[in-house]
Amino acid sequence: MNGSGAAGAALPELLAPAGGLDQMLAAVAAGADAIYAGLGGYNARVSAHGFTDDEFARGCAVAHAHGVRVYVTLNVFVFDDELADAVALGAHAYALGADALIVADAGLACALRAAIPGVEIHLSTQAGVHSEGAVRLAADELGVERVTTARELTVDEIAALCATGMPIEVFCHGAICIGYSGACEFSALRRARSAMRGDCTQPCRLAYDLVDEAGESVVSVEGDRLLCPRDYLGIAHLPELVAAGVASLKIEGRMKNPDYVFNVVQVWRRALDMVRDGAWEPDIVAELERELGRSFNRGFTDAYLRGRSGAELMSFERAINQGVRVGRLVAVGYEEVTVELDAAVAAGDTLEIRFYPGADARPDVPKRWPQVPCPGDAAAGECVVVHCKRKVDTGCEVYLIRSAGVLEQTATALERMRAEADTAVPVERTVEVLPFEGGTVDDDASTGELMESPEQGVPARVAFAWQLMDTDPHDELDLSDATVVLDEVCRVGDAERTRSLMRRAGRVVCRNLGQVAMARELGVMFDVAAPVFCANRATFTWLRGLGAGRVYLPAELLGNDAERIAELAAEPGVLGPVDADRPELMVCEHCLLTAEGVCATDATGQVRCRDCLRRRQVCYLVERDGTRLPVAIDACGRTRIILS
């Protein structure tokens, strides 16, 4: 399916999610080039339906018959006692027909590489790759064949990563974690269920308040979903992404239904084919977005691709399906309403009427918006009369939240594909699994140029880089007596400041693979800490081999998994959390203070986070149970939510 695209660039692979066999078949029918799916327990969506071995093997056979590749997600962080089982699962996936494995844990990647000759490994977005240095480190030191980057990157940043020559996979559509992937311990530390283990409780989708030091709410936006972002939609930037040299466009959604997979994939397939054929026109974007809106979405945003991360990113009002606008009410009668349409609807569509009762409404007025069936087909510009018993007013907007047409198209495609799957003959592969070391530290055998004893040259004073942005705004303080804990994020805009800190600090703690690459390049002494996540001795061995002196364990491991990591924690040079006194629950590019209202700008119209007075004030994120979580906004406008 691949061809030439914008400016002669190769057309990216269209990569679709599959939580089960029907989703896999729907993706194939809709025109996906590749599919990613979980198999077994070592994946970041443990609650997805999943596959039996027979279903997965037949699904792979059907996919391969259509020229579609299949990748298996092993993208959680594993413990020592799980490493052999995770490798065996990877080999089993290969035997059933998988073409590549998606991995986040460096130790598991090393073990897979050693145990399965010729295994193709893709580095997951959970590994937190934000920079060219991180991409090159992943290629040179892990030997991965592809890197999936952070969702927060701009088009220009993505293009720079593609220029390294490493195949780069980017998300193009679907749900967004508001925290940087791989840098969120919110669910683990507040609910004892780890996102790093595929068991996230999605705290970002819950209701919160934001209060000042006196406990008064400072929220001015409509809604209380203060951490809930809209869904990612990059289709307006498709020609730019193609021209940038992106290798794969990834659709999020392994928890979604087959109709979601079918509709979203077919729309993106159409868009890619238009770019290939030179038929792309900017005017088509609105139509494509409307077609995509017929499937589950929380509203859409392309803010990250444009370098924005303010309130426009967020879905403050609700964390559930928003659908797509199709009209407004122009008349209200007895148990029926008239909708003037600005988009076509079909018989059987589910419509939602956005009625806001108002502050003076009676307590018995339902707070949920009425959902009503559409009685017949109608085109844009026409009116349709809909049965509705609930109180609503003229002027209310009407949204389509479930498309009968999409459901019918999906059912027809699945009937055909299931018949094909029933007769598919899986290819039996023999996968050789070689013995591998589970990960023990051997300093003599290490290749790290900066290898040292764990406590060599450790300054007693500790400073956090994000706080130094205010106390050392001109990068001039002498930090030779300090260990500087670097930020969790290392993007293009962070590089100059990070290099300055590395040159001036007595020692640094790297919290990102890009920083590790930078420290090795500069020849400075460094330790590592989460989000460079270490849960097993194989990862510890790899990090020591890179030159890390000490490794700080994530807070969630000591809180929830202390027994399982006891041997790792006893290794020389392994320490507790780098932020043990006030562990961070989450770091995100979005500034939470935008819930207070529009940001102030300077004379040129630019937002200057460094000069923002709001972030100088004490504020707390308040959970439903009344727990107050301190919020810190740094000079870059990034939010850190802290466990008090």
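Preceding this section is the structure that the text describes.
Read on for an overview of the structure. The structure displayed is predicted, hence computed values, not measured ones. Numbers given to residues run from 1 along each chain, matching the order in which its sequence is written. This being a predicted model, a pLDDT of at least 70 is required before a residue's local features are given, and a value of 80 or more before pairs of side-chain atoms are given or counted; all residues contribute to the totals for chains, interfaces and linings. Remark: hydrogens and water are excluded; side-chain values derive from all non-hydrogen atoms of the structure.

What about the sheet that holds strand 27 (residues 639–642)?
Okay, so step 1: At least two DSSP bridges between two strands are required for those strands to pair. To qualify as a helix, a DSSP run of H or I must reach at least 4 residues; to qualify as a strand, a run of E must reach at least 2; elements of each kind are numbered from the N terminus. Pairing is antiparallel in the open sheet, where 5 strands are placed in the order 8-25-26-27-24. The outermost strands of the open sheet, each flanked by one partner alone, are strand 8 (209–212) and strand 24 (584–588). Looking at each pair of strands side by side, their axes are set apart by 30 degrees on average, direction ignored.
Okay, so step 2: Where strand 25 (residues 619–622) and strand 26 (residues 628–633) come together, 4 bridges link them in antiparallel fashion. Among the inter-strand pairings, Tyr620 is bridged to a residue of strand 26, identified as Pro630. Here the axes come from fitting lines to C-alpha atoms, over the contacting stretch only for helices, and the angles between their N-to-C directions go from 0 to 180 degrees.

Notes on the side chain of Arg318
Okay, so step 1: Along the chain, the position of Arg318 falls in the loop between strand 11 (300–301) and strand 12 (324–333).
Okay, so step 2: Exposed residues in this analysis have more than 50% of their type's maximum accessible area, buried residues have under 20%, and partly exposed residues fall in between, with area computed by a 1.4 Å probe over protein chains only. Residue classification places Arg318 among the buried positions, given a relative accessible area of 11%.
Okay, so step 3: Under the rule applied, a polar contact is a pair of N or O atoms within 3.5 Å (in protein, one hydrogen donor and one hydrogen acceptor; residues adjacent in sequence only if both atoms are side-chain atoms). A polar contact of 3.0 Å, which involves the side chain of Arg318, links it to the backbone oxygen of Asn321.
Okay, so step 4: A polar atom in the side chain of Arg318 sits 2.9 Å from the side chain of Glu352.

Comments concerning the packing of aromatic side chains
Okay, so step 1: Working definition: rings of Phe, Tyr and Trp (its six-membered ring) pair if their centres are within 6.5 Å, and the pair is stacked with planes under 30 degrees apart, edge-to-face with planes over 60 apart, and tilted otherwise. Considering all chains together, one arrives at 4 aromatic pairs under this definition.
Okay, so step 2: Note on Phe186 and Tyr208: the rings are 6.4 Å apart at their centroids and 55 degrees apart in plane angle, and the pair reads as tilted. With Phe186 in helix 7 (residues 186–191) and Tyr208 in the loop between helix 7 and strand 8, this residue pair connects regions lying 22 residues apart in the sequence.
Okay, so step 3: Classification of Phe186 as buried rests on a relative accessible area of 0%.
Okay, so step 4: In our convention, an over-ring charge means Lys NZ or Arg CZ found within 6 Å of a ring centre and within 35 degrees of that ring's normal. The aromatic ring of Phe171 is capped on one face by Arg151, whose charged end is 3.7 Å from the ring centroid.
Okay, so step 5: Stacked on the ring of Tyr36, the Lys or Arg Lys250 has its end atom at 4.5 Å from the ring centre.

Some thoughts on unusual backbone geometry
Okay, so step 1: Cis geometry marks the peptide bond from Ala530 to Pro531; its omega dihedral reads 15 degrees.
Okay, so step 2: Of note in this structure, Ala192 is not a glycine but carries a positive phi near 60 degrees.
Okay, so step 3: You can see Ala192 is positioned in the loop between helix 7 and strand 8.
Okay, so step 4: Residue Ala192 is classed as exposed on the basis of its relative accessible area, which comes to 54%.
Okay, so step 5: The backbone of Asp475 shows a phi angle near 55 degrees, a positive value even though the residue is not glycine.
Okay, so step 6: Residue placement: Asp475 occurs in the loop between helix 12 (465–471) and strand 19 (479–485).

Structural notes on the packing of helix 2 (residues 53–65) against helix 3 (residues 83–96)
Okay, so step 1: Interhelical geometry of helix 2 versus helix 3 gives an angle of 50 degrees and a closest axis separation of 9 Å. Judged by the inter-axis angle, helix 2 sits oblique to helix 3. Of the residues in helix 3, those touching helix 2 at Asp53, Phe56, Ala57 and Cys60 are His92, Ala93 and Leu96.
Okay, so step 2: Basically, the charged four are Asp, Glu, Lys and Arg, the nonpolar ten are Ala, Val, Leu, Ile, Met, Phe, Trp, Tyr, Cys and Pro, and anything else, Gly included, counts as polar. In terms of residue class, the contact of helix 2 with helix 3 is built from 5 nonpolar, 1 polar and 1 charged. Note that the term roughly parallel is reserved for angles under 35 degrees, roughly antiparallel for angles over 145, roughly perpendicular for angles of 65 to 115, and oblique for everything else. Contacts are residue-level and defined by heavy atoms, with any inter-residue pair within 4.5 Å sufficient.

Digging into the pattern of salt bridges
Okay, so step 1: For this document, the term salt bridge refers to a Lys or Arg side-chain nitrogen within 4 Å of an Asp or Glu carboxyl oxygen. One pass over the full model with this rule turns up 60 salt bridges.
Okay, so step 2: The residue Arg190 makes a salt bridge to Glu623 at a minimum N-O spacing of 2.6 Å. One end of the pair, Arg190, is in helix 7; the other, Glu623, is in the loop between strand 25 and strand 26, and 433 residues separate them in sequence.
Okay, so step 3: For Arg504, the salt bridge identified is with Asp472, shortest N-O distance 2.9 Å. Remark: Asp472 occurs in the loop between helix 12 and strand 19 and Arg504 occurs in helix 13 (residues 495–504); sequence separation between them is 32 residues. This pair shows no difference in class: Arg504 is buried, exactly as Asp472 is.

Some points on the nonpolar core
Okay, so step 1: Counting residues in each nonpolar core, the largest one holds 169 residues, and the members touching the most others are Phe56, Ile235, Trp268 and Trp280.
Okay, so step 2: Element by element, the count of residues in this core is highest for helix 9 (residues 258–276), at 11 residues.
Okay, so step 3: If sequence neighbours within four positions are ignored, Trp268 has contacts with Leu14, Cys172, His173, Leu233, Gly234, Ile235, Leu238, Leu249, Ile251 and Leu292.
Okay, so step 4: In terms of nonpolar packing, the next biggest core, distinct from the first, is built from 21 residues, Leu351, Ile353, Phe355 and Val386 among them. Definition used in this section: a nonpolar core is a set of buried Ala, Val, Leu, Ile, Met, Phe, Trp, Tyr and Cys residues joined via side-chain atoms within 4.5 Å.

Quick look at the side chain of Arg254
Okay, so step 1: Structurally, Arg254 is set in the loop between strand 10 (248–251) and helix 9.
Okay, so step 2: When charges are counted, Lys and Arg contribute as positive and Asp and Glu as negative, whereas His and the chain ends are disregarded. Despite being buried, Arg254 has no salt bridge partner; Glu252 is the closest side chain of opposite charge, sitting 7.8 Å away.
Okay, so step 3: Polar side-chain contacts of Arg254 include one of 3.5 Å to the side chain of Thr73.

Details of helix 14 (residues 513–522)
Okay, so step 1: Counting buried residues in helix 14 gives 7 out of 10 residues, a clear majority hidden from the surface.
Okay, so step 2: Along helix 14, the positions that sit buried rather than exposed are Leu513, Gly514, Gln515, Val516, Ala517, Met518 and Ala519.
Okay, so step 3: Packing partners of the buried residues in helix 14 comprise helix 5 (132–142), helix 13, strand 20 (505–510), strand 21 (526–528) and helix 15 (537–546).
Okay, so step 4: Among the residues trailing helix 14, Gly523 stands out with phi positive, at a value near 75 degrees.

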